[in-house]
Every structure is written in C-alpha cells, then in structure tokens.
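# Reading the structure
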Amino acid sequence: MPMNQQIVLDNRPTGEAVASNFKLVSSPTPALTDGQVLVRHHYLSLDPYMRGRMNDGKSYAAPQPLGEVMIGGTVGEVVESRHAKFVVGDQVVGMGGWQEYSVVNGNDVGALRKVGKVDATHIPLSAYLGAVGMPGVTAWYGLVKIIEPKAGETMVVSAATGAVGSAFGALAKARGCRVVGIAGGPDKCKYAVDELGFDDCIDYKQHPHVGSLAKALKVACPNGIDGYFENVGGMILDAVLLRMNAFGRITVCGMIAGYNGEPLPMTNPALILVSRLKVQGFIVSEHMEVWPEALKELGTLVASGKLRPRESVAQGIAAAPEAFLGLLKGKNFGKQLVKLV
C-alpha cells in the first residue's frame, strides 16, 4: 500500500496560529475492507473556518483533535474500491483532510460526491473546492436564502475576491443587483471590477478608520446598502452598519478578524434596532438540501465564463501550513488550494 503523508494538529495555538502548531507525519494507507474506497487527493482546500477548529473553545463544531489529520475538503480520484457505487478512475469530492490519501466508507451519506464526466470538460477539477463547492454554496445560501435580494438593490461583500466573495458577486449580478466588494489592495479591487464584474470595490487598506471606510461606502453605494455578506467582522462591519438601509439584511458567515482570539466589539449595535436590520449567521453544512440547486447554478456560471474565480496554489502537502497561515493574513489571491498530484 502507498505511503500517506499527512499534516496533523500537534498543539493548539495561543493567540496567532504558527507553523509549529502542525506536524508532518507519514503512515501506510490501510488495506480496504468491504464498502471502503481509497482516494488519491489531487487538491486540498484551505479555508478560514479551519482556524476556529484549532481552538479548544465552544463553537458550532467540535474542535480539531490533537494528533489527528487536519480537517479539510479534497478533490481527487478513486484508486481502489471495494464499493459497488465507485470504480477506479472516478473523480470525487469529499472531506479527506490534509493528507495525500484517504480511506472513505462509501456507504456514509455525503462522504463522497462524484464529479460528472460532462461537467469535468467545462469545469476545472479544482473548482469543486471553490466556486462549485462548499464556498460557492456558502455564498449562494447567504444571498438567496437569507438576504433574498431584489433586482436593483445594492449588495456588499467583504473578502470580495476570495472563494466565497467572488461567487457572491456573480450570483448577485445574475439577480440584477448592484454589487460592491471590500478587499485588501489595489490589485484585488481591480480584479473584482475587471474580471468578476463587481460594480465597485473598496480597498480597506486605504481606509484605516471606520469613518473613512464609511465615507468610501457612501460613494460606492449612493443608495445605501440593502444586503451585506459578512466574512470579516470588526471595523468593516462597523462601517457597513452606518450605511445599511432600513430593513437591510446581513448574513454572517465568518469573523476572520477575530480568529486569533481578538475581541470584536461593535461600536454602534443600536443601528440594528434603528434600521430594523435582519442579522443571521449560518453554517452551510446544516443546509445540505440546497446543495444540488446551488451547485447547478454555480456550475453553469463557471462553465459559461460568467464566474471566473482565481486560485492561489501551493505545491505539496508540506506546504499546507504556511499556505494556511498566509490565507489568514490575506496573502492569497482567490481560492487557496494545495496541489497534491
């Protein structure tokens, strides 16, 4: 059986996560039993939610256990199968974790999803970890089910050029909305407008204070903000609240500004009442019933060129920790992946 290189969580971070929290180990892949499938991963997905799992505090999901393979989405190919539903050569998406191979019980509902051969001719395999995967469905659910946009409304999204933000922009434009992004740096903002089709994008690095960012939002959103997709929190949320229209809707997906344990106080929480806002958090894995509908629309957007997501790709499993730490600091451009084959 092939040797399997893996990244495990060796110790929990105190404050900011560092490379020494992780450890590279090797072990042989186990022999399969009836119903199991051996998958060779081609790409590993790195996502901000993983930082929260590294902590030992209360959250919506159990902490990442110490000494075990880091959680993570993967896409790859079946190389051995003892399950009738899967054959060698099938391309599959799953949660194989930070490792080169995974053994999956094919009978577990949702453990593996096949990538259709027709789809694969129009959609890159890596896209099933981004625009046509969990991040894309996250954007879809927050927009369609929580914000419920109407044509002509103004939508704003933070971390606009990431995997979730870029999909949000395409989905909102498809519904006739004005879409404004918030991203870090002129290159990211140029990409949001020129390639992703955003109507405008604000470089938050040019606005270090709430008042400055709120003024920039007023210029970019002359009719106010009707819907906001939150990935960051902190000062950015404070600035957006100042520009929200009455009966606006805010969907909360991430608070990356506080993932290292920093407090995230809100300056003007009374605006939620004054503007009669709806603020709702969600976890996309709790809404599996919408995935087929969402993936169909997202796949069409990518295949037709209406959604052109960018990717940052690290090479090899050993590069995963540094790539992940870079993601938390915004060093990635688009979806952060690790190429394993």
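Residue positions are counted from 1 within each chain, in the order its sequence is given. The predicted origin of the model limits local features to residues at a pLDDT of at least 70 and limits the giving and counting of side-chain atom pairs to 80 or more, whereas totals for whole chains, interfaces and linings rest on all residues. Neither water nor hydrogens contribute to the side-chain values; these are computed over all heavy atoms in the structure.

## Overview of the state of the cysteines
For the purposes of this analysis, a disulfide is any pair of cysteine sulfur atoms at a distance within 2.5 Å. Using the criterion set out here, one finds zero disulfides in the structure. Summary of cysteine pairing: Cys177 is not part of a disulfide, and the nearest cysteine sulfur, belonging to Cys221, is at 12 Å. Here Cys189 is not cross-linked by a disulfide; its sulfur's nearest cysteine counterpart is in Cys201, at 3.0 Å. Assessed through its relative accessible area of 8%, Cys189 is described here as buried. Note on exposure labels: buried denotes an accessible area under 20% of the residue type's maximum, exposed denotes more than 50%, and partly exposed covers the range between, all computed with a 1.4 Å probe on protein chains only.

## Focus on the pairing of strand E5 (residues 91–94)
Think of it this way: DSSP has to see at least two bridges between two strands before they count as a pair. Counting from the N terminus, the helices are the DSSP runs of H or I reaching at least four residues and the strands are the DSSP runs of E reaching at least two. Pairing analysis gives four bridges linking strand E4 (residues 74–81) to E5, with the strands arranged antiparallel. By the bridge assignment for E5, Thr74 is matched with Gly94. Where E5 and strand E7 (residues 112–114) come together, three bridges link them in antiparallel fashion. Following the sheet pairing, Val93 is matched in E7 by Arg113.

## Some details on the pattern of salt bridges
Side chains that differ in sign of charge can pair as their charged atoms come close. A pairing counts as a salt bridge when a side-chain nitrogen of Lys or Arg comes within 4 Å of a carboxyl oxygen of Asp or Glu. Tallying each qualifying case throughout the model produces nine salt bridges. Residue Glu16 is joined to Lys329 by a salt bridge in which the shortest nitrogen-to-oxygen separation is 2.7 Å. Placement of the pair is Glu16 in the loop between strand E1 (3–9) and strand E2 (22–28) and Lys329 in the loop between helix H10 (320–328) and strand E15 (335–339), with a sequence separation of 313 residues. Arg249 serves as the salt-bridge partner of Glu153, at 2.7 Å between the closest nitrogen and oxygen.

## Brief notes about H10
H10 sits mainly inside the fold: seven of its nine residues count as buried. Among the residues of H10, those classed as buried are Ala320, Pro321, Ala323, Phe324, Leu325, Gly326 and Leu327. Contacts between residues were defined by any pair of non-hydrogen atoms, one from each residue, lying within 4.5 Å. On its buried face, H10 is in contact with E1, E2, strand E3 (36–45), helix H1 (49–53), strand E14 (311–315) and E15. Looking one or two residues beyond H10, the residue adopting positive phi is Gly330, at roughly 75 degrees.

## Some points on the packing of aromatic side chains
Classification of ring pairs uses Phe, Tyr and Trp, with its six-membered ring standing for Trp, and accepts pairs whose centres are within 6.5 Å; under 30 degrees between planes counts as stacked, over 60 as edge-to-face, and the remaining range as tilted. The tally for this structure, following the rule as stated, stands at seven aromatic pairs. Relative to Phe324, the ring of Trp98 lies with its centre 5.6 Å away and its plane at 70 degrees, an arrangement referred to as edge-to-face. Separated by 226 residues along the polypeptide, Trp98 in the loop between E5 and strand E6 (101–105) and Phe324 in helix H10 bring together distant segments of the chain. The class of Trp98 is buried, set by a relative accessible area of 0%. Classification of Phe324 as buried rests on a relative accessible area of 0%. Each ring, one from Phe229 and one from Phe282, has its centre 6.3 Å from the other, and the planes form 80 degrees; the classification is edge-to-face. With Phe229 in strand E11 (residues 225–230) and Phe282 in the loop between strand E13 (278–281) and helix H9 (291–303), this residue pair connects regions lying 53 residues apart in the sequence. On the basis of relative accessibility, which here comes to 0%, the residue Phe229 falls in the buried class. Aromatic rings pair up to connect Tyr141, Phe168, Phe229 and Phe282 into one cluster. Positioned above the aromatic ring of Tyr101, the side-chain terminus of Arg40 is 4.8 Å from the ring centre. Criterion for a charge above a ring: Arg CZ or Lys NZ at most 6 Å from the ring centre, at most 35 degrees from the ring normal. The residue whose ring lies beneath Arg310 is Phe333, and the NZ or CZ to ring-centre distance is 4.2 Å.

## A look at the environment of Val104
If you trace the backbone, Val104 turns up in strand E6. Setting aside residues no more than four positions away along its own chain, Val104 makes contact with Gly35, Gln36, Val37, Val39, Ala111 and Leu112.

## Topic: the environment of Val232
Structurally, Val232 is set in the loop between E11 and helix H7 (235–241). The class of Val232 is buried, set by a relative accessible area of 14%. A sequence separation of 73 residues divides Val232 from Ala159, and the C-alpha atoms of the two residues are 7.0 Å apart. Once residues within four sequence positions are removed from consideration, Val232 is found in contact with Ser158, Ala159, Gly254, Met255, Ile256 and Ala257.

## A look at helix H3 (residues 134–147)
Taking 1.5 Å per residue, 14 residues should reach 20 Å; H3 reaches 18 Å between its end C-alpha atoms and fits that length. Across the 14 residues of H3, 11 count as buried, placing the element largely inside the fold. Those residues of H3 not exposed but buried are Pro135, Gly136, Val137, Thr138, Ala139, Trp140, Tyr141, Gly142, Leu143, Ile146 and Ile147. Glu148 sits one or two positions beyond H3 and adopts a positive phi of about 50 degrees. Residue count minus one, scaled by 1.5 Å, sets the expected span of a helix.

## Considering unusual backbone geometry
One non-glycine residue, Glu148, adopts positive backbone phi at about 50 degrees. For Glu148, a relative accessible area of 47% translates into the label partly exposed. Of note, Arg276 is a non-glycine position whose phi angle comes to about 50 degrees, a positive value. Tracing the backbone shows Arg276 in the loop between helix H8 (270–274) and E13. For Arg276, a relative accessible area of 45% corresponds to the partly exposed category.

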